[in-house]
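# Commentary on secondary and tertiary structure
One letter stands for each residue in the lines below.
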Amino acid sequence: MFQKSIQNICFRALCFVYSCFSVEMNATTPSGDVAVASGSGVIVSKPQPISLQSQSDQDDPRWLFEKAVDFYYGCKGEINLEESARYVKLSADLKYADAEFNYGYFLQYGIGVQKDLAQAMSYYKRASEHEFSDVRGDAMAYLGLCLEFGEGVTKDYKQIAEYYKSAADMRSSYGKDGLLNFLTSVNENDMDLRSFVHEFKCLADAGDAWAACVYGRCLEKGKGVQRNVTEALRYYGLSAAGGDEFGQENFTRFLNTTHFSDSDLTLLIVQTIMLSGDSGAWGQYFYGHCLEDGTWFGKNLPLAALFYSGAAVKGNVCGLTNLIRLISSNVGTAPDLCNIALLFKRLADKSDEWGQCFYGLCLEHGTGVEKNIEKAFGLFRLSAEQGNPMGRAQLLRCLCEKELGSVDITAFAHAYKLMADKSDAWAACVYGVCLEKGKGVKVDLTEAAKYYKQSAVKGDTHGEYYYGCFLYRDRGEPQNLSNAVKYFGLSADKGNASAQWMYGNCMRSGEWGVQDVHYAARYYKLSAMQGNSGGQYEYARCLYEGTGVARDVNEAAKYFKLSAMQGNSDGQRMYERCIQGGIVGSD
């Protein structure tokens, strides 16, 4: 399908990847929800712009492909999905792999053409046969998806598993996600799971990080092997330490949602991570977790904060998320909190961009120090102006949410206007917020939209998100859903948790002409894993209903609880329903 890419609007294969550490901690959405953290997002890319000797060369599949992009997004006029589909088919019939994959997608979901699952699978199969194509693995994953969820298709569970496995072997992140979800829902009556799972155990024991994640999921769910949560966590740990993104994600989730009281087990897992070649971030994160919980060496919150911060600075989003939770919840004794604040003040006094941001949070929440939102805002600004992604997110959040008292907000707004008028993309977003919220200047939504657009066009992730919201909600500019979705997608791929949540909403509803519940669930999951309460609630709904993912009410209850803990009323309602239904016990 036509989406976006790392560098520009794109149209190629579905390929889920996690980028290294782009943070959108606690960014407030225009609707009032709060987003936390970031990782990376789904990327659907297309080839780089090409130079053709003749733009009228109708026999060149790349030219036909570019025409399809133009019609899909309305780049040179009105959006026309029928014309887009026509050009995709012309390109696909010339055996262009990207077009074959995307025309399969059009056929599967009825985008500009009549739905035809059999034909969709035919085109996916053709795309999967191009040996050196980037879309090969993703096409294989979609063959598995069609077999697993397609209406009127006879399910061949062994073939589904092989498609997902082959896609994962080709480093398709969508294939990896599909296989993990498949292993959650499939049972022994569907296929011979034991021999299938045994292969992954052998690979995991030989040091394959991805195989360790798969075997961890099998142990967690009791699929093809006796359920063993202790061993599941150990294999997830091996996978995380080996650098597999899905292993890291599942290790964190399992650690935070399953009770482990055995100190010897904790020590074993720590040793496993430390000795398996980890670069340090995951070991620091997990060591911080142990120190916060009081396992192994006993509770030590200042030291836990230190290890979390060390993991965060090295790009570990989970370390960053836990650090923010520790600071904002004000847990621990007074001496503990004072030591945490002192730790980060020393860093801030040395102009360390992370120390400035962390100490700003302590000041904002009164963690070990007297509350002072004005000083906190000043530190966020210093951190942001050093280019720190978390500092920038916190600055925008405070600007949107807080009364800043003695801060000369007029001078602040004027300074950022001057920078914005010199083509600074980040400054343009900040000044857009000032115009939208009336901070230091008169509210002017039309001008705010102009500055958000300036920021978005230059590629600032915050500008892309805020401009997308304006286009989505008919604020400052006429409503334009296709462009709103485009900018949400661009921002989501840079790790903006709020944008991932909004993009998931758009893909689930199909209100702009394209609907894909599987794709929506993946974006909700990305947002949820980073702490966005809206993303947590929506991903929990997907799990609860089996929409876009395998149904798992126990996992759904965990995400409903996480959303509820942040004050999400829908999450609270659904978590109470889970308690009443006996899915989880009352706290």
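Just above, that's the structure.
All values derive from a computational prediction rather than experimental measurement. (Residues numbered from 1 in each chain as written. Predicted model: local features only at pLDDT ≥ 70, side-chain atom pairs only at ≥ 80, totals over all residues. Heavy atoms only, no water.)

### So, helix α17 (residues 353-365)
Every α-helix carries 3.6 residues per turn, so stepping three or four residues along brings you back to the same face. With 13 residues, α17 extends 19 Å between its outermost C-alpha atoms, agreeing within 8% with the 18 Å of an ideal straight helix rising 1.5 Å per residue. Counting buried positions over the 13 residues of α17 gives eleven, a clear majority of the element. Every buried residue belonging to α17 is among Trp 354, Gly 355, Gln 356, Cys 357, Phe 358, Tyr 359, Gly 360, Leu 361, Cys 362, Leu 363 and Glu 364, and all of these are buried. At its buried positions, α17 is contacted by α14 (301-313), α15 (317-329), α16 (334-349), α18 (373-385) and α19 (389-401). The N-cap of α17, judged by a side-chain oxygen 3.0 Å from the amide nitrogen of Trp 354 a few residues on, is Asp 352. (Helix = DSSP H or I, 4+ residues; strand = E, 2+ residues; numbered from the N terminus. Expected span 1.5 Å × (residues − 1). Buried < 20%, exposed > 50% of the residue type's maximum accessible area, 1.4 Å probe, protein only. Contact = heavy atoms within 4.5 Å. Polar contact = N/O pair within 3.5 Å; in protein donor to acceptor, adjacent residues only side chain to side chain.)

### What about the pattern of salt bridges?
Scanning the model with the defined rule gives 33 salt bridges in all. Here Asp 93 makes a salt bridge to Lys 89, at a shortest N to O gap of 2.7 Å. Assessed through its relative accessible area of 37%, Asp 93 is described here as partly exposed. Taking the relative accessible area as the measure of exposure, Lys 89 reaches 32% and is therefore partly exposed. Salt bridges sharing common partners tie together Arg 217, Glu 220, Lys 221, Arg 253, Asp 552, Glu 555 and Lys 558. (Salt bridge = Lys/Arg side-chain N within 4 Å of Asp/Glu carboxyl O.)

### Thoughts on the packing of aromatic side chains
In this description, an aromatic ring pair is defined by two values, namely the gap between the centres and the angle between the planes. According to the stated counting rule, one finds 35 aromatic pairs in the structure shown. Judged by centre distance (5.8 Å) and plane angle (50 degrees), the ring pair of Tyr 537 and Phe 560 falls under tilted. In this pair, Tyr 537 sits in helix α27 (residues 533-545) while Phe 560 sits in helix α28 (residues 553-565), placing the two residues 23 residues apart along the sequence. In this structure Tyr 537 comes out as buried when scored by relative accessible area, which is 9%. Here the aromatic residues Phe 101, Tyr 105, Tyr 109, Tyr 124, Tyr 142 and Tyr 174 are joined through ring pairs into a cluster of three or more. Over the ring of Tyr 235 we find Arg 234, and its NZ or CZ is 4.9 Å from the ring centre. The side chain of Arg 551 reaches across the aromatic face of Tyr 544, ending 5.7 Å from its centre. (Phe/Tyr/Trp six-rings, centres within 6.5 Å; stacked < 30°, edge-to-face > 60°. Lys NZ or Arg CZ within 6 Å of the ring centre and 35° of its normal.)

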